[in-house]
Amino acid sequence: MKIYNKKNFRYGLGMTILGILMLLTSIWKGFDVKGTVILALCLFLGIGLMLRGLSRDMSREDRIAELDERNKMVEWRAKSRALGIVEIICFVCILLSIVGMQVMEEFFGGMLVAFGLLFTVMLFAELVTLLYYNKKL
């Protein structure tokens, strides 16, 4: 048996192992609705990805879809939009932390530092990638 798409096979193997570990944990601690749904999804998706990694035709379809320019552009736009949304949320959290420092200085002060560092890292990452791609193109 040959593995044609190693990335899909690895993801599928990881999800299947996670599903099996969740099954063992559920047997040991007891089943609940949320855990059972996640367990079933992990097992079904994991086994499906492993089968796609082992099938020649399905692996070829996956590679073609991976290399499609439209799919790449949609992925890049989605990641860019996600970064913008996270920056806005982080900035709002910074503002809320500043207001909250009036109530509990220690707790909200720590949150302010954490969100400030995170916001700074995101801005620097955006700046570096912007400079890199402007230089490259």
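Residues numbered from 1 in each chain as written. Predicted model: local features only at pLDDT ≥ 70, side-chain atom pairs only at ≥ 80, totals over all residues. Heavy atoms only, no water.

### Overview of the overall build of the chain
For step 1, the next point in the chain: Counting its secondary structure elements, the chain contains 5 helices and 0 strands.
For step 2, the next point in the chain: Along the chain, helices (α) and strands (β) appear in the sequence α-α-α-α-α when read from the amino end.
For step 3, the next point in the chain: Radius of gyration (C-alpha) of the chain: 22 Å, far over the 14 Å computed for a compact globule of 137 residues.
For step 4, the next point in the chain: Overall, the chain is about 60 × 55 × 20 Å in size when its C-alpha atoms are taken along their principal axes.
For step 5, the next point in the chain: The burial tally for the chain puts 18% of its 137 residues in the buried class.
For step 6, the next point in the chain: Within the chain, contacts between residues separated by at least 24 positions form 64% of all contacts whose residues are at least 6 apart in sequence.
For step 7, the next point in the chain: Taking the average location of the 17 positive side-chain charges in the chain and that of its 12 negative ones, the two points are 9 Å from each other. (Helix = DSSP H or I, 4+ residues; strand = E, 2+ residues; numbered from the N terminus. Rg over C-alpha atoms; globule rule 2.2 N^0.38 Å. Buried < 20%, exposed > 50% of the residue type's maximum accessible area, 1.4 Å probe, protein only. Contact = heavy atoms within 4.5 Å. Lys, Arg positive; Asp, Glu negative; His and termini not counted. Charge placed at Lys NZ, Arg CZ, Asp CG, Glu CD.)

### Some thoughts on the packing of aromatic side chains
For step 1, the next point in the chain: Applying the stated criterion to the full structure yields 3 aromatic pairs.
For step 2, the next point in the chain: With centroids separated by 5.1 Å and ring planes inclined at 80°, the aromatic side chains of F107 and F108 adopt a geometry described as edge-to-face. (Phe/Tyr/Trp six-rings, centres within 6.5 Å; stacked < 30°, edge-to-face > 60°.)

### What about the pattern of salt bridges?
For step 1, the next point in the chain: In this structure the tally under the stated criterion is 3 salt bridges.
For step 2, the next point in the chain: E61 serves as the salt-bridge partner of R52, at 3.9 Å between the closest nitrogen and oxygen.
For step 3, the next point in the chain: Taking the relative accessible area as the measure of exposure, R52 reaches 26% and is therefore partly exposed.
For step 4, the next point in the chain: With its nearest N and O atoms 3.3 Å apart, the salt bridge here joins K79 to E75. Linking K79 with E75, this pair stays in helix 4 (residues 69-100), spanning 4 residues, or about one helical turn.
For step 5, the next point in the chain: By relative accessible area, K79 is classed as exposed at 55%.
For step 6, the next point in the chain: Among the residues examined, E75 registers a relative accessible area of 40% and is labelled partly exposed. (Salt bridge = Lys/Arg side-chain N within 4 Å of Asp/Glu carboxyl O.)

### Here we look at helix 1 (residues 6-29)
For step 1, the next point in the chain: Between its first and last C-alpha atoms helix 1 spans 34 Å; for 24 residues at 1.5 Å apiece the expected length is 34 Å, and the two agree.
For step 2, the next point in the chain: Taken as a whole, helix 1 has its buried residues at N8, F9, G12, T16, G19 and S26.
For step 3, the next point in the chain: Tucked inside the fold, the buried residues of helix 1 contact helix 2 (33-54) and helix 3 (56-67).
For step 4, the next point in the chain: Positive backbone phi, at 115°, marks G30, one or two positions downstream of helix 1. (Expected span 1.5 Å × (residues − 1).)

### Examining the environment of C42
For step 1, the next point in the chain: Assignment of secondary structure puts C42 in helix 2.
For step 2, the next point in the chain: For the pair C42 and I17, spaced 25 residues apart in the sequence, the C-alpha separation amounts to 8.6 Å.
For step 3, the next point in the chain: Every residue in contact with C42, bar those within four places of it in the chain, is listed here: M15, T16, L18, G19 and M22.

### Here's the deal with a nonpolar patch on the surface
For step 1, the next point in the chain: A surface patch of nonpolar side chains, amounting to about 730 Å² of accessible area, comprises L13, I17, I20, L21, L23, L24, I27 and F31.
For step 2, the next point in the chain: Position of I27 relative to the elements: it lies in helix 1. (Patch = residues over 30% accessible without salt bridge, like charges linked within 9 Å, V, L, I, M, F, W, Y side chains within 5 Å. Areas by Shrake-Rupley, 256 points an atom, 1.4 Å probe, with all protein chains shown as cover.)

### Quick look at helix 5 (residues 105-136)
For step 1, the next point in the chain: If you check helix 5, its first and last C-alpha atoms are 46 Å apart, about what 32 residues at 1.5 Å a residue would give, namely 46 Å.
For step 2, the next point in the chain: F108, G109, F119 and M122 are the residues of helix 5 that are buried.
For step 3, the next point in the chain: Contact partners of the buried residues in helix 5: helix 4.

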